[in-house]
Every structure is written in structure tokens, then in C-alpha cells.
Amino acid sequence: MPIAQKTVAIAKLRCIACGDTPDAAARDFRCAHCGDLLEFFFPGWTFDAAALKSLWLERKTSRSALDQSGVWRFRELLPHIPEEHAITMREGNTPLYQLPRCARIAGLDMLQAKHQGMNPTASFKDTGMTFAASAARQGGFRWVACASTGNTSASMAAYAARGNLHSLVLIPEGKISWGKLSQALDYGALTCQLRTDFDGCVRILNQLVRQKPVYLLNSVNPYRIEGQKTSAIELLEQLGWELPDHIIVPGGNLGNSSAIGKALLEMRDLKLIPRLPKLSIIQARGANPFYRCVREFGGTRLEPMTADTMATAIRIGNPASLKKALRVLQATGGEVEQVTEVEIAAAKAEIGADGVGCEPASAVTLAGLKKLAKRGFVKRGESVVLILTGHLLKDPDFTIKFHRGDLFAGTPDENEARQTKSLQRAPVVLEADLGAVIGALDAAERNS
Ligand code: F0G
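None of the values given here were measured: they were computed from a predicted structure. (Residues numbered from 1 in each chain as written. Predicted model: local features only at pLDDT ≥ 70, side-chain atom pairs only at ≥ 80, totals over all residues. Heavy atoms only, no water.)

Visitor: What's the story with the environment of I282 in this structure? I'm lost.
Guide: If you trace the backbone, I282 turns up in strand 10 (residues 278–284). For I282, a relative accessible area of 0% corresponds to the buried category. Taking the C-alpha atoms as reference, I282 lies 5.9 Å from G368; in sequence the two are 86 residues apart. Each residue touching I282, except ones within four places of it in the same chain, is listed here: I248, V249, P250, G251, E337, V339, V364, T365, G368 and L372. (Helix = DSSP H or I, 4+ residues; strand = E, 2+ residues; numbered from the N terminus. Buried < 20%, exposed > 50% of the residue type's maximum accessible area, 1.4 Å probe, protein only. Contact = heavy atoms within 4.5 Å.)

Visitor: Even after reading the chapter, I still don't get the pattern of salt bridges, so can you show me in this structure?
Guide: A side chain of one charge can pair with a side chain of the opposite charge if their charged atoms are brought near each other. With the rule as written, the count across this model stands at 28 salt bridges. For R292, the salt bridge is made with E303, and the minimal N-O distance between the two is 3.1 Å. Taken as a pair, R292 in helix 10 (residues 289–297) and E303 in the loop between helix 10 and helix 11 (322–332) lie far apart in primary sequence, eleven residues in all. When its relative accessible area of 19% is taken as the criterion, R292 is described as buried. Note on E303: relative accessible area 30%, which makes it partly exposed. Across the pair K370 and E350 runs a salt bridge, and its minimum N-O distance is 2.8 Å. Of this pair, K370 sits in helix 13 (residues 360–374) while E350 is found in helix 12 (residues 341–353), placing the two residues 20 residues apart along the sequence. Judged by its relative accessible area of 22%, K370 is partly exposed. Salt bridges sharing partners connect three or more residues here, namely R59, D67, R75 and E76. (Salt bridge = Lys/Arg side-chain N within 4 Å of Asp/Glu carboxyl O.)

Visitor: Which parts of the structure should I look at to understand the packing of helix 4 (residues 125–138) against helix 5 (residues 151–162)?
Guide: Between two packed helices, what matters for the description is the angle formed by their axes and the separation of those axes. Contact geometry for helix 4 and helix 5: axes closest at 9 Å, N-to-C directions at 45°. As judged from the angle between their axes, helix 4 and helix 5 are oblique. Crossing of helix 4 over helix 5 shows right-handed handedness. In this structure, helix 4 contributes K125, D126, M129, T130 and A133 to the contact, and helix 5 contributes N151, T152, S155, M156 and Y159. (Axes fitted to C-alpha atoms, helices over the stretch in contact; angles between N-to-C directions. Parallel < 35°, antiparallel > 145°, perpendicular 65-115°, else oblique. Left-handed = near helix turned anticlockwise from the far one by under 90°.)

Visitor: Just to check I follow, could you spell out the sheet that holds strand 5 (residues 143–147) for this structure?
Guide: Whenever strands of a sheet pair, they do so through backbone hydrogen bonds, lying parallel or antiparallel. Here four strands make up an open sheet; going across it, the order is 7-6-5-8 and the pairing parallel. Taken across any chain shown, the strands that pair with only one partner, and hence form the sheet edges, are strand 7 (190–194) and strand 8 (214–216). Strand-to-strand twist in this sheet, taken as the mean axis angle between neighbours without regard to direction, amounts to 25°. With five bridges connecting them, strand 6 (residues 166–172) and strand 7 associate as parallel partners. From the neighbouring strand, V169 faces strand 7, where its bridge partner is T191. Sheet strands touched by helix 5: strand 5 and strand 6. Its angle to strand 6, the strand with the most contacts, is close to 170°. (Pairing = 2+ DSSP bridges.)

Here you go:
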């Protein structure tokens, strides 16, 4: 038996633009009046902050699946979904690591990373997916679907399989990593590789859900955002409720930054934390519509673009949760940055060299942090947490090409990439001979 919930907060849906409060969401999760996104809010919720914190800790010793989940453990701050519908794989519960080498490189005294790649399907998507897939089951759906750059599809396919749901995946042909594609296949999704980009997949999916009874599991689904909120709650708990000065996240479709920001604002309103850390959002230069929206247009306009970056997870030109992310940036006083392909590759190898590792999209956080520290927005003695969104093994092709020195061969970045040579650790091919191995060891020792 899970440890009982203190209070079931009443959750209502609200349009983020016109403020309409529908009783139920349309299939595309858009406001029926103005077409903007919906979010959950909790009118009149009040909690005893200290009691809540100790209840969440107590659940860590419980043997129930719900209490062991790093998402459902915090269910007081989520809309109510009855236990019989919950699909959980003990998601969340992700580690917070020190990155001492990366801290030195960025010019900081200390740096920590919360590794969301340590989730069941190896990305942060599982925290939102456990909750939204459960909502699909509660709603009696037979099919769930998403458009994805790879991680959402892997996560959705797994949770659908666990919950006896069928899943349909739309992914851009040739633009997602094999690791992610192979997950969707193994978990049994109907996987369609469309000859378009992520934004093209989203367009088709939105049309599909209006015609067919499939449940949309992209991050426009407000249940996804609610589940993903818990990563910020768990982070604060891990920090002993001591606020960091900065949290830094990658930005793609902007669901994750919106979710973390929503959690921070709610925790402050509930007096779980006294004030807000700054939440900064980093994009790849080739997929930077949010960066340009903030820097060039003061947050007033988004120019959709054809995105291109080797960090395929964030190859997104028309982010859905733009307005939610803008609100978070303004409320927390965070910054936006953009980073080049070479900066991403270098940062990824540096995170790897700390014995942690991540996929390329996650490494934009360190690359962006270096820039934020250089221009004084992040100061040496401040506490900083990077959110690493995906596991190193999600995209081994990228890693191997980088270390072999092939990643930028024949690209316009070839020259700039020379500066990453010292980070490359190409495998050494030798005869099966003891002397050859000792020679390699001695040479490595001399160079270390
Ligand atoms: N990092 C990784 C590893 C991702 O997979 C994504 C998004 C992001 C960062 C960006 O997060 O979209 O919430 O701003 N991946 C989505 C997908 C789009 O389909 O897997 P965001």
C-alpha cells in the first residue's frame, strides 16, 4: 500500500493566453477559443511545507511502486490520477553528480549536474511520460502517439508497452540517433520515419489526432509538463532545500524548461523554497529560434526556422512551449545563450571526462555555462546545476566520430574543430602483442 496522500489538490485547466478554463482538453490540447496551450493550475491549494517535505522523504522507505517513483512520490503537487491507472517504472530518482573538472574549465568553484539520462529509458522524458501515459489509460485510449526527435518516442513506446497501450511514433527520417530509434522498435511501437523534419512530424500528428482517437503525448499535453515538474522538486530535495543560484537546461521544444520553471514558481508560492533560482536556457546555434526571439525581438515574436544541428534531440525550429518558457525566463531572471557545434562537441567530451557523460543535446548546458560565466552572469562562487537530459549511450555515433576526429571532417567547422584535438581519445589498433600494449601504455603515461 502506498503511503496515503495528505490532500488531493483540485487541478483545473487554463489557457496560458486567454485564461479560459475548460472542463476538459481538446484532443490537440489547444484552447478552443484562441488555440494557445493549456496548463494545470491548482486553485486554493495550501500545504504545511515541512509536513510535505517529511512525507516525501518517508515515502523513500516504502515498498510501493508509486512511492518508489521519483515522480509519483511528489503526487500532492500533481493532478490526481487514481493508482489503478498509474504506469510507473520507478522513474526519476536520478543522481546529482559533482563535475570538478568541468567546474575548473568553466571557472567556477563547484558545479553539479542532475543526470536525467539515468531514467528507465535513459532520458528526462520518462518523468513526464509516466504521468501522461497514465492519463491516457485513465481516459480509456487504445492508441498513444507522438512526434519526436527520438527520446520522447523511446519513452512513450516503453510506457505504452508497460500500460498495454499501442503506440505510434512519427520521427524525421535520417535525423535521429540509432540508439533512440532502436528503443522504439524494441518496445514495440509502430514507427513511421517521415521524410520531413521534427516540425513537419508535429504538423501531421496534429492533423491526425483530430481525425483518429489517438492520445497525443507530446509536451503540449499538460500532463507531460506536470510529471516533468518533479525533477525540480527532487533536485531541491537532494540539495537539502538549499537553493542553487542557477539551473541551466537545454532548449528544444521548450517543454522541459517550462516544466522546471513551473515547479520552481509553485514551490515558491507554497513556501517550500524562499525565492527563485535563475533558470537559463541554452540552444544550439543552428536551432536557435528561442534565443533569437529573446535577443532579437525582446520576446515579442518567434520566427520559425529550418533547424540544423548534430545535437539531433534539439533540432527544432518552431518550439511549441515558447510562451511558457518566456514566462519562466522572465520570472526567474534567467538568460538565453546559443552555442556552436564545436562548442557542443567539446563540452560533451568534457562532461565525459568527468566520468559522467551525456548525449550531445545535454552538453549545450556546459557549453552555455562557459559563456554565461565568461560574461559574468554566473559568478565563480555561485552554485550551479546543469540538467543533463540524455544518456551518453543514446548517440554513440556522435561520440565515436568525435574521438576519431571525423565529426567535423569536410564541414565548415573543420578548422574551429582543431581546438578540440586534446579532448579526443581515438581507439588505438595494435597487433595482439604484449610489447605493443606496453608501448601504448608508456606513451600515454608520458603524455598525461
Ligand atoms: N535534451 C534532450 C536529450 C532531448 O531529447 C530534448 C527534446 C531536449 C533536450 C529539449 O527538451 O524539447 O523540452 O526543450 N527532445 C524531444 C524529443 C523533442 O522528441 O525527444 P525540450
